[in-house]
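Chain by chain, the residues run as shown.
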Amino acid sequence: MTLDRHRIDGIEPITSKVLPAQVFNDRLVAAGYTQAGSAPAQGNRLKVWWVHPEYSRVEAIYSPDGSIAITAYHVTL
């Protein structure tokens, strides 16, 4: 539960540890991100990749049912 520990380019800093997935997703979409894929993650969670034409890719981890965004961070290749 560390959503507030990472800064995501293009969106306002998140000040809560988790967010409803729809709220988090809406912020990313409004900033120009699009979902690029998903996969199972450790602890039966869901991992989703978001891409943007200018910013580094974002990897987000959601609750097992996908309803809560738990953490998100930029991934550089």
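Note on numbering: residues in each chain are counted from 1, in written sequence order. Owing to the predicted nature of the model, reporting of local features is limited to residues with pLDDT of at least 70; listing and counting of side-chain atom pairs is limited to 80 or more, with chain, interface and lining totals taken over all residues. Remark: hydrogens and water are excluded; side-chain values derive from all non-hydrogen atoms of the structure.

Asks: For the pairing of strand S5 (residues 68–75), give the residues involved together with the corresponding values.
Replies: Bridging between strand S1 (residues 19–20) and S5 involves two bridges; their strand directions are antiparallel. Along S5, the bridge assignment pairs Pro-20 with Ile-68. Note on pairing: two strands pair once DSSP finds at least 2 bridges between them. Labels follow the DSSP assignment, with helices taken as runs of H or I lasting at least four residues and strands as runs of E lasting at least two, numbered in each case from the N terminus. Summarising the sheet, strand S4 (residues 57–62) and S5 pair through six bridges and their orientation is antiparallel. Within the sheet, the bridge partner assigned to Tyr-62 lies in S5 and is Ala-69. As consecutive antiparallel partners, S4 and S5 are separated by five residues, and within that stretch Gly-66 has a phi angle of approximately 75°, a positive value.

Asks: How would you sum up helix H1 (residues 21–30)? Please name residues and give values.
Replies: Exposed residues in this analysis have more than 50% of their type's maximum accessible area, buried residues have under 20%, and partly exposed residues fall in between, with area computed by a 1.4 Å probe over protein chains only. Looking at H1, one finds that the buried residues are Ala-21, Phe-24, Asn-25 and Leu-28. Buried residues of H1 fall within an arc of 95° about the axis and therefore sit on the same side. More than 90 degrees from the buried face of H1, the exposed residues found are Gln-22 and Ala-30. Among the structural elements, S1, strand S3 (45–51), S4 and S5 are those in contact with the buried residues of H1. Positive backbone phi, approximately 100°, marks Gly-32, located one or two places after H1. Taken from the helix axis, the directions to the C-beta atoms give the arc we talk about. Residues count as neighbours in contact if any of their non-hydrogen atoms are within 4.5 Å of one another.

Asks: Explain the sheet that holds S4 to me, and be specific about the residues and the numbers.
Replies: Backbone-to-backbone hydrogen bonds join strands into a sheet, with any given pair of strands oriented parallel or antiparallel. In space, the five strands of this open sheet follow the order S1-S5-S4-S3-S2, with antiparallel pairing throughout. Both edges of this open sheet fall to S1 and strand S2 (34–41), since each of them pairs with a single strand only.

Asks: Could you give an account of the pattern of salt bridges, with specific residues and numbers?
Replies: Salt bridges are counted wherever a side-chain nitrogen of Lys or Arg sits within 4 Å of a carboxyl oxygen of Asp or Glu. In total, this model carries two salt bridges according to the counting rule given. Where Asp-4 meets Lys-17, a salt bridge forms, and the shortest distance between an N and an O atom there is 3.7 Å. Taken together, the residues Asp-4 in the segment before S1 and Lys-17 in the segment before S1 connect sequence positions 13 residues apart. Classification of Lys-17 as partly exposed rests on a relative accessible area of 45%. For Glu-59, the salt bridge is made with Lys-47, and the minimal N-O distance between the two is 4.0 Å. In this pair, Glu-59 is assigned in strand S4 and Lys-47 in strand S3, connecting sequence segments twelve residues apart. The partly exposed category is assigned to Lys-47, whose relative accessible area is 22%.

Asks: Run through the nonpolar core, naming residues and quoting values.
Replies: Generally speaking, a soluble globular protein has its nonpolar side chains buried in company with each other. Core analysis: the biggest nonpolar cluster contains 17 residues, and Phe-24, Trp-50 and Tyr-62 have the highest contact counts within it. Put simply, the parts of the chain that give this core at least two residues each are H1, S3, S4 and S5. Buried Ala, Val, Leu, Ile, Met, Phe, Trp, Tyr and Cys residues form a nonpolar core when they are joined through side-chain atoms within 4.5 Å.

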